Amino acid sequence: MTQPPVPQSGRGCVPCRLAAIGAVVLALAGGFAYTAGWLTPARLSASRFIDTFETVAGRPHPGYRRNHAKGLCVEGYFDSNGNGAALSRAAVFTPGRTPVTGRFAVPGGNPFAPDISSPVRSLALEFQLANGEQWRTGMNSTPVFAVHTPAQFYQQLLAARPDPATGKADPAKLKAFYAANPETVPFQNWVKAHPPSSSLANAAYYGINAFRFTDGSNTTRAVRWAMVPETRYAPITDAQKAAKNFLQADLDERLGKGPLRWHLILTVAQPGDPTDDATLQWPDDRQQVDAGTLVLERASSQEDGACRDINFDPTILPAGIASSDDPLLAARSAAYALSYQRRTREETLHPAVHQTQTHGDRS
Ligand code: HEM
């Protein structure tokens with residue numbers, strides 16, 4: 001009987017197999033190089049953003065966030081009144097309490113900058129839902145953002161780089177950036193008309209970007225949210241302008257007297273309202289829903305508090321809330337991830353990284 005031929009493919013031709021392995025290695029290396037931006041230096045990658053934040057801050061501050069670097073941790077809970085369930089089936093909107101870890105901060109890459117280095121304050125929150133999901137958000141104290149696209153934000157950062165001769169940003173470059181980008185006008189006008197608050201407790205914080213809320217019957221609507229304080233707004237005082245760290249001292253004093261409260265206000269878009277442009281507010285007459293109360297009870301340092309190791313990526317959302325077509329959201333997600341990666345790596349390699357800098361920068 002004739003024996004069937006022995007298949008050769010198992011042994012194969014050795015050079016061919018080596019070539020195939022080489023091709024896989026090259027493809028992987030190419031993928032890494034592309035992701036790192038080495039093959040496409042003109043592409044707006046997360047590393048170009050983060051490198052530029054470090055340059056604008058004067059230098060990297062190891063162990064700290066590369067933007068909104070100055071901040072502190074807070075903890076408390078969100079008390080849902082059930083009204084938000086009409087817009088989203090997210091479990092955070094069923095009546096009851098959801099624990100929250102948060103972080104107040106000031107924009108900019110220097111964790112030791114004076115509080116008045118920016119007219120903006122921020123509040124980032126992580127809601128820990130009972131079903132294991134999370135809702136993370138980063139909000140600023142302005143209802144609009146300065147720019148429409150990530151590319152414009154990058155250009156704004158470049159314009160803010162310190163001049164090597166003076167160590168400070170060149171006002172002419174920033175002026176030229178604003179003149180070339182008229183989308184920045186609503187933000188500039190809002191900031192001019194609203195002096196910074198005297199406290200972190202009496203500012204409203206806005207999610208700014210639009211999101212998509214889906215309710216229990218699968219109806220989806222565009223929504224923006226804001227945390228509106230129960231504490232009455234007051235403008236910053238002259239004495240505060242002269243103090244470097246008044247925001248934290250003020251917050252500690254207020255929390256020493258009792259919890260602080262904000263209302264979560266959901267604003268619903270009408271057809272035609274822009275969902276992809278954070279420089280534009282929606283008209284004032286849009287439906288608003290008060291979904292419940294944020295109660296903050298405790299503050300701690302960002303160097304060892306509960307918010308230290310949280311990346312407040314605004315695209316981490318529970319079922320019932322989804323990202324919109326706003327191009328800033330994906331850019332934020334990528335940049336926050338790299339900032340988180342750098343600072344947590346620095347903390348792991350050099351556990352004393354914060355103490356060293358705190359003493360160095362304050363001396
Ligand atoms: C392309 C646009 C943007 C870029 C590249 C960017 C970049 C960053 C980076 C790198 C961080 C540090 C993140 C970390 O290490 O955890 C940060 C923090 C933050 N950003 Fe943005 N951002 C952008 C737009 C916005 C917008 C539109 C808002 C307001 C809605 C915002 C609000 C915040 C807040 C609140 C924080 C502080 C988060 C915290 O306290 O940990 N950002 N941003």
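You'll find the protein entered in an unreviewed UniProt entry as Catalase-related peroxidase, with Paraburkholderia fynbosensis given as the organism. UniProt, in the comment section headed Cofactor (unreviewed entry), describes the protein in these words: "heme". What the UniProt record of the protein gives under Sequence similarities (unreviewed entry) is the line "Belongs to the catalase family."

J.: Lay out the pairing of strand β6 (residues 211-214) in plain terms, naming residues and giving numbers.
T.: Of the two faces of β6, the one lined by F211 and F213 is fully buried and the one lined by R212 and T214 carries no buried residue. Across four bridges, the pairing between β6 and strand β7 (residues 220-229) is antiparallel. Counterpart to F211 in the pairing with β7 is V223. Counting the residues between successive antiparallel strands, the hairpin from β6 to β7 contains five residues, one of them, N218, with a positive phi of roughly 70°. The pairing of β6 with strand β10 (residues 321-323) spans three bridges and is classified as antiparallel. Within β10, the residue paired with R212 across the bridge is A322.

J.: Outline the UniProt feature "active site" (unreviewed entry) in the protein, supporting the account with residue identities and numerical values.
T.: As recorded in UniProt, the sites labelled "active site" (unreviewed entry) are H68. The residue H68 is located in the loop between α2 (46-56) and β1 (70-80) in this model. The residues touching H68, leaving out its near neighbours within four places in the chain, are A105, V106, P107 and S122.

J.: I'd like to hear about the packing of helix α3 (residues 150-159) against helix α4 (residues 171-180), residue by residue, with values.
T.: Remark: α3 packs on α4, axes separated minimally by 8 Å, with the N-to-C direction vectors making an angle of 160°. The angle between α3 and α4 falls in the class roughly antiparallel. Contact residues: Q155, Q156 and A159 in α3; K173, L174 and F177 in α4. Of the residues assigned to the contact of α3 with α4, the class counts are three nonpolar, two polar and one charged.

Reading the values: rules and limits
- Residues numbered from 1 in each chain as written.
- Predicted model: local features only at pLDDT ≥ 70, side-chain atom pairs only at ≥ 80, totals over all residues.
- UniProt positions renumbered as here; feature names shortened; annotations may be inferred.
- Buried ≥ 20, exposed ≤ 12 C-beta atoms within 10 Å, placed from the backbone.
- Helix = DSSP H or I, 4+ residues; strand = E, 2+ residues; numbered from the N terminus.
- Pairing = 2+ DSSP bridges.
- Contact = placed C-beta atoms within 7 Å.
- Axes fitted to C-alpha atoms, helices over the stretch in contact; angles between N-to-C directions.
- Parallel < 35°, antiparallel > 145°, perpendicular 65-115°, else oblique.
- Nonpolar A, V, L, I, M, F, W, Y, C, P; charged D, E, K, R; others polar.

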